[in-house]
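Results of the structural survey
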Amino acid sequence: MAPRPNPLDGFTVDPATIRYIGEGLQRPECILAERDGSLWSADARGGVVHIRPDGSQTLITQTASRGFAEATDQEARFVSGTLPNGLAFAGNGDILISNFGTDRLEVMTRDGGTRVLVDRIDGEPIGKVNFVLRDSQDRIWLTISTRTKNWMKAISPNVRDGYVALYDGGRLRIVAEGFAFTNEIRLDAREEWLYVAETCARKVTRLRVLPDGNLTDRETFGPEDHGACIDGIAFDAHGNLWGTHVFTDRIFAITPEGELRILLDDDRDSAAGQAFLAAFARGEATPDLMLACGGTIAPWCASITFGGPDLRTVYVGSLKGTRIPYFRSPVAGLPMAHW
């Protein structure tokens with residue numbers, strides 16, 4: 001039987017077709033989409049922004065934090081205070097927040113009531129909690145990028161203290177470790193494999209999921225080195241794994257056969273991006289070099305979210321943007337557990 005044609009054949013994102021939603025957002029790193037057209041965006045003021053289908057928006061936070069907006073030091077802005085990062089919906093509709101600033105997994109109701117779900121593992125501080133994912137069995141998967149407090153100092157090919165943890169039955173345990181800055185994770189359609197974006201290994205790693213949640217058969221999916229740091233990833237319904245290259249601001253896809261395709265390049269080999277990549281290769285990337293990077297569409301491009309009634313609208317999260325760009329895809333996204 002001939003393989004199915006890939007809907008991404010010949011597709012690239014035309015910048016002229018990109019539209020924007022949201023305004024005045026702070027660090028909209030991760031975005032959740034719902035069937036009714038609502039978007040929920042992580043926000044550095046200490047919660048989320050709910051953007052309704054008509055474009056109106058509301059900041060929802062237990063205690064509004066102005067630390068990100070008022071920080072006079074650019075490095076401090078991105079490493080301290082409350083920094084909601086990865087988001088997922090709990091089974092009851094509450095919002096799970098992996099807080100990259102407070103180093104804990106939090107649960108927030110849709111009106112702002114917040115509690116800490118977990119902040120320690122094996123009696124030790126949990127580390128830089130980056131992303132959270134709920135599966136169809138209501139288990140919660142968590143990534144910890146590094147145990148280094150200032151995460152910018154861990155942006156190096158030589159630091160491999162990231163790990164993946166599983167929260168199940170009220171207990172958090174490490175199921176895989178030794179990653180170079182663990183970032184977003186996704187499960188495939190059958191939840192047979194867990195895919196891990198390793199930002200500083202500049203590749204995607206996958207591991208087979210055993211019935212008890214343990215992980216095995218670790219291998220690289222796609223290229224061994226993208227030549228750029230990977231941040232967010234998300235599957236489409238065909239099995240392509242979409243993703244973002246942070247700092248150098250590209251959107252890519254890896255086909256089921258492992259071929260890397262660049263769908264949008266908003267960096268275009270900028271001098272700042274090349275200077276960062278050269279320093280990174282030497283293990284000498286600095287906050288100043290990182291902060292100099294970034295395109296104009298979604299600066300420090302960080303995540304991909306499929307939404308809209310047909311799951312063919314692609315929303316792009318970012319670390320330095322104040323609004324959310326979106327465009328149409330030729331293929332629907334893979335529905336998440338809450339969909």
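Residues numbered from 1 in each chain as written. Predicted model: local features only at pLDDT ≥ 70, side-chain atom pairs only at ≥ 80, totals over all residues. Heavy atoms only, no water.

This next bit is on the environment of asparagine 158. Structurally, asparagine 158 is set in the loop between β13 (140-144) and β14 (162-168). The sequence separation of asparagine 158 and valine 175 amounts to 17 residues, and the corresponding C-alpha distance is 22 Å. (Helix = DSSP H or I, 4+ residues; strand = E, 2+ residues; numbered from the N terminus.)

As a further point, take the nonpolar core. Ranked by internal contacts, the top residues of the largest apolar core, which has 30 residues, are Trp242, Ile251, Leu263, Ile304 and Phe327. At the level of secondary structure, the elements contributing two or more residues to this core comprise β2 (31-33), β4 (47-51), β22 (250-254), β23 (260-265), β24 (301-307), β25 (313-318) and β26 (324-328). Residues within four places of phenylalanine 327 in sequence aside, it is in contact with Phe11, Val13, Ile18, Trp242, Ile251, Arg312, Thr313, Val314 and Val316. One finds Cys30, Leu87, Phe89 and Trp141 within the second-largest nonpolar core, a separate group that totals 26 residues. (Core = buried A, V, L, I, M, F, W, Y, C linked by side-chain atoms within 4.5 Å. Buried < 20%, exposed > 50% of the residue type's maximum accessible area, 1.4 Å probe, protein only. Contact = heavy atoms within 4.5 Å.)

So, on to the sheet that holds strand β5 (residues 57-61). Spatial ordering of the open sheet is given by β2-β3-β4-β5, a layout of 4 strands whose pairing is antiparallel. Of all strands in the sheet, those with a lone pairing partner are β2 and β5, marking the two edges. Within this sheet the neighbouring strands show an average axis-to-axis angle of 20°, counted without direction. The pairing of β2 with strand β3 (residues 39-43) spans 3 bridges and is classified as antiparallel. The residue bridging leucine 32 from the neighbouring strand is tryptophan 40, located in β3. (Pairing = 2+ DSSP bridges. Axes fitted to C-alpha atoms, helices over the stretch in contact; angles between N-to-C directions.)

Here the structure, examined in full by the defined rule, presents 11 aromatic pairs. Ring plane angle 85° and centroid distance 5.2 Å describe the contact between tyrosine 195 and phenylalanine 221, whose orientation is recorded as edge-to-face. Of this pair, tyrosine 195 sits in strand β17 (residues 193-198) while phenylalanine 221 is found in strand β19 (residues 215-221), placing the two residues 26 residues apart along the sequence. Taking relative accessible area as the criterion, tyrosine 195 reaches 5% and is therefore assigned buried. For phenylalanine 221, a relative accessible area of 8% translates into the label buried. In this structure an aromatic cluster arises from ring pairing among Phe11, Trp242, Phe306 and Phe327. Between the NZ or CZ atom of arginine 206 and the centre of the ring of tryptophan 193, over which it lies, the distance is 3.8 Å. Taking the ring centre of tyrosine 20 as reference, the NZ or CZ of arginine 323 above it sits at 3.5 Å. (Phe/Tyr/Trp six-rings, centres within 6.5 Å; stacked < 30°, edge-to-face > 60°. Lys NZ or Arg CZ within 6 Å of the ring centre and 35° of its normal.)

Time to look at helix α3 (residues 271-281). Every buried residue belonging to α3 is among Gly273, Phe276, Leu277, Ala279 and Phe280, and all of these are buried. One side of α3 carries all its buried residues, which in axial view fall inside an arc of 165°. Facing away from the buried surface of α3 by more than 90 degrees, the exposed residues are Ala271 and Ala281. Structurally, α3 contributes buried residues whose contacts are with α4 (287-291). Positive phi appears at glycine 283, one or two residues downstream of α3, with a value of about 75°. (Arc of directions from axis to C-beta.)

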